[in-house]
Amino acid sequence: MKDILSGRFANALTPAVGAVAFIFLWWLAAWLKVVDPVLLPSPQASAKAIWDGFVGGNLIKDLIITVRRTLLAFGIAVVICVPLGLMLGSSVRLYRSFEFVIDFFRSTPASALFPLFLVILGVGESTKVAVAAFGAGLLILFNTAYGVMNARKTRQAAARVMGASPLRVMTGVTLLESLPQTFVGMRSGVSFALVIVIVAEMFIGSTDGLGQRVINAQMIFNMPEMYATIFGAGVLGYGLNLIFILIERRFIHWGGK
Amino acid sequence: MLKRTAPDTHITIRGLTKSFAGHPLYTNFDLDIPKGQITSIFGPNGCGKSTMINMVAGLLPMDAGEALFDGKTLAQTVIGYVFQNYRDALFPWKRAIDNIKYPLRIAGKSKGECDARTEELVQSFDIRFDLNRYPYELSGGQQQLVSIMRSLAVHPEVLFLDEPFSALDYEMTLFMRDKLQDIFEATKTTMILVSHDLDEAVYLADQVLMLTRRPTRIAQVVRFDAARPRHPETLTSDAFNRAKAQCLEVFQREVRTKDIAT
């Protein structure tokens, strides 16, 4: 018995303790009717809504739409901001010139930019994606630039002394050297893009996506549906983060070593 | 007027000038480094030993002056450089073997040539560990061996070594000194070694370049002509002790000069 508790079995179960406790408390609260049952349905009812949403309903459809918007925004941000960050980071003078602008817009809540983007791009797909890309892009930009600036100079020197051209030093050494920090930026960037896309789906004339689904469920007081959608958004956020961590571990095997 | 150049000179440094934040480190510094010999550079802290080899190797700009290799510029010369901190000098995203091939790739060698040269290095270094590992999976000594192999891959005309063994333990240091000596005997590559260990500086060198405090000049050049290969016993020989005592005397004089000056 002691072996089982302290062995591999117990180790595998440890991470589940919090989740089980959370669901138990939820069930207890619903069963004791601590909160109005309309507002807090039981875990079983929510689980059924999740199941129905994934299997028969269009929760999965909305989820895919949100994923698509998030990844599109993220992709645009990466394509534009990684090269830009490399450029800014490799010249201290250039970075100093733009530091204030980057810091300013990074500190400006991206959601405050919706009206501006609405005026420019109209009420459509592009506004949602553009604002998310903008916010994610700044995170990626300054993280990449920092990665380059704080990269240890010895490896670049080693490549130079072996006769590598500046371009080759940049692509073969500096880029890789800054990759761990760039990944930090990409990971926060993708989470941020998801936040912005969901907010956009809620409030700027959307007919699909998880954000719109949450707000619709709330308006018609379909609480199980609302919880199911929130859960879906949670799974999505967690999943994206997890995927990034896995990619990071695979490709930046040298990180922290 | 330019100083005349000694006949067996490989590297001629003329008018080297460098200052940091207004403090002159080198002013119009001239130096000849002989071909096919190991020159150790030794001097008080902050006299710019590493700065000098970094300028000659093109890693740091000179304020003025030039360094020529047999009359050629740096760009026309194949050099190798071994850094003190192997952990920061090897590419952790490449396997050890690909680190060694890197300078060959840069030089535009074919895959076959890269493989052949690497195999040759593995043979001559008698490598027993797996070069398909990543640098961070190797011990410190193995990593520095890989960096030395990388620096030699392209058959450099000059090899710069910046305190190459100072991060290794004593056993590994002794082993690596002898390895370096073997390479030197086999290739007669001109080597410039910066060391902060006087025993090592003398043990490996044909000549020890003793530097003054800044603004840096050459205090003295001490020859050490003991036959190669040298062994740990060399460290206790009379010739070694004489050369070392001479270096020490110069060194202490330089350190004292500072005390009087300040």
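If you're wondering where the values come from, they're calculated on a predicted model, not measured in any experiment. (Residues numbered from 1 in each chain as written. Chains lettered and ligands numbered in written order. Predicted model: local features only at pLDDT ≥ 70, side-chain atom pairs only at ≥ 80, totals over all residues. Heavy atoms only, no water.)

## Some thoughts on the overall build of chain B
Thought 1: The secondary structure content of chain B amounts to eight helices and nine strands.
Thought 2: On C-alpha atoms alone, chain B measures out to a radius of gyration of 19 Å, which is about the 18 Å that the 2.2 N^0.38 rule sets for 262 residues.
Thought 3: Each principal axis of the C-alpha atoms in chain B carries an extent, and together these give about 55 × 40 × 35 Å.
Thought 4: Within chain B, the proportion of its 262 residues that are buried is 52%.
Thought 5: A fraction of 69% describes how many contacts in chain B between residues 6 or more apart in sequence connect residues 24 or more apart.
Thought 6: For chain B, the exposed area adds up to about 11900 Å²; of that, 51% sits on carbon and sulfur atoms.
Thought 7: Treating the 32 positive side-chain charges of chain B as one cloud and the 33 negative ones as another, the clouds have centres 4 Å apart. (Helix = DSSP H or I, 4+ residues; strand = E, 2+ residues; numbered from the N terminus. Rg over C-alpha atoms; globule rule 2.2 N^0.38 Å. Buried < 20%, exposed > 50% of the residue type's maximum accessible area, 1.4 Å probe, protein only. Contact = heavy atoms within 4.5 Å. Areas by Shrake-Rupley, 256 points an atom, 1.4 Å probe, with all protein chains shown as cover. Lys, Arg positive; Asp, Glu negative; His and termini not counted. Charge placed at Lys NZ, Arg CZ, Asp CG, Glu CD.)

## Quick word on the overall build of chain A
Thought 1: In terms of helices and strands, chain A carries 12 helices and zero strands.
Thought 2: Starting at the N terminus and ending at the C terminus, chain A contains elements arranged as α-α-α-α-α-α-α-α-α-α-α-α.
Thought 3: The C-alpha atoms of chain A give 23 Å as radius of gyration, which overshoots the globular expectation for 257 residues (18 Å, by more than 25%).
Thought 4: Each of the three principal axes of chain A carries a C-alpha extent, and together these read 70 × 65 × 30 Å.
Thought 5: Per-residue burial over chain A gives 42% buried out of 257 residues.
Thought 6: Partitioning the intrachain contacts of chain A with sequence separation of at least 6 by distance along the chain shows that 71% fall at a separation of at least 24.
Thought 7: Taken as a whole, chain A presents about 14300 Å² of accessible surface, with 71% of it coming from carbon and sulfur.
Thought 8: Within chain A, the 12 negative side-chain charges are centred at a point lying 12 Å from the centre of the 21 positive side-chain charges.

## Considerations on the sheet that holds strand S7 (residues 190-194) of chain B
All names here are of chain B.
Thought 1: Taken in spatial order, the six strands line up as S5-S6-S7-S3-S8-S9 in an open sheet, and their pairing is mixed. With one partner strand each, in any of the chains shown, strand S5 (79-82) and strand S9 (218-223) form the two edges of the open sheet. The average angle at which neighbouring strand axes cross in this sheet is 15 degrees, direction not considered.
Thought 2: In this sheet, S7 lies alongside strand S6 (residues 158-162) in parallel orientation, the contact comprising five bridges. Across the sheet, residue Val158 finds its bridge partner in S7, namely Thr190. (Pairing = 2+ DSSP bridges. Axes fitted to C-alpha atoms, helices over the stretch in contact; angles between N-to-C directions.)

## Looking at the nonpolar core
All names here are of chain B.
Thought 1: If you look at the biggest cluster of nonpolar residues, it comprises 85 residues, and the most contacted ones within it are Ile13, Met52 and Phe160.
Thought 2: Other than its neighbours up to four places away in sequence, Ile13 contacts Phe29, Asp30, Leu31, Ile33, Val56, Glu66 and Ala67.
Thought 3: Grouped together as the second largest cluster of nonpolar side chains are 49 residues, Ile97, Leu138, Ile183 and Leu193 included. (Core = buried A, V, L, I, M, F, W, Y, C linked by side-chain atoms within 4.5 Å.)

## A look at the packing of aromatic side chains
For any pair of aromatic rings, geometry is given as the distance between the ring centres together with the angle between the planes.
Thought 1: Evaluation of the coordinates by the stated rule reveals 21 aromatic pairs over all chains.
Thought 2: Relative to Phe29(B), the ring of Tyr26(B) lies with its centre 4.9 Å away and its plane at 70 degrees, an arrangement referred to as edge-to-face. Like Phe29(B), Tyr26(B) is buried.
Thought 3: Connected via pairs of aromatic rings, a cluster forms that spans Phe100(A), Phe104(A), Phe105(A), Phe117(A) and Phe134(A).
Thought 4: For Arg106(A), the ring lying beneath its charged end belongs to Phe142(A), and the centroid distance is 3.8 Å.
Thought 5: The ring of Phe91(B) has Arg150(B) sitting right over it, with the charged end atom 5.1 Å from the ring centre. (Phe/Tyr/Trp six-rings, centres within 6.5 Å; stacked < 30°, edge-to-face > 60°. Lys NZ or Arg CZ within 6 Å of the ring centre and 35° of its normal.)

## Comments concerning unusual backbone geometry
Residue and element names in this part refer to chain B.
Thought 1: Cis peptide bonds are those with omega within 30 degrees of zero, and the linkage from Arg214 to Pro215 qualifies with -10 degrees.
Thought 2: Along the chain, Arg228 connects to Pro229 via a cis peptide bond; the corresponding omega equals 0 degrees.
Thought 3: Assignment of secondary structure puts Pro229 in the loop between S9 and helix H8 (238-261).
Thought 4: The backbone phi angle of Asn28 is positive, close to 50 degrees, even though this residue is not glycine.
Thought 5: If you check the backbone angles, Asp126 has positive phi at about 55 degrees while not being a glycine.
Thought 6: Among the structural elements, Asp126 can be located in the loop between helix H4 (111-125) and helix H5 (140-152).

Geometric descriptors of this kind do not, in isolation, establish any biological role.
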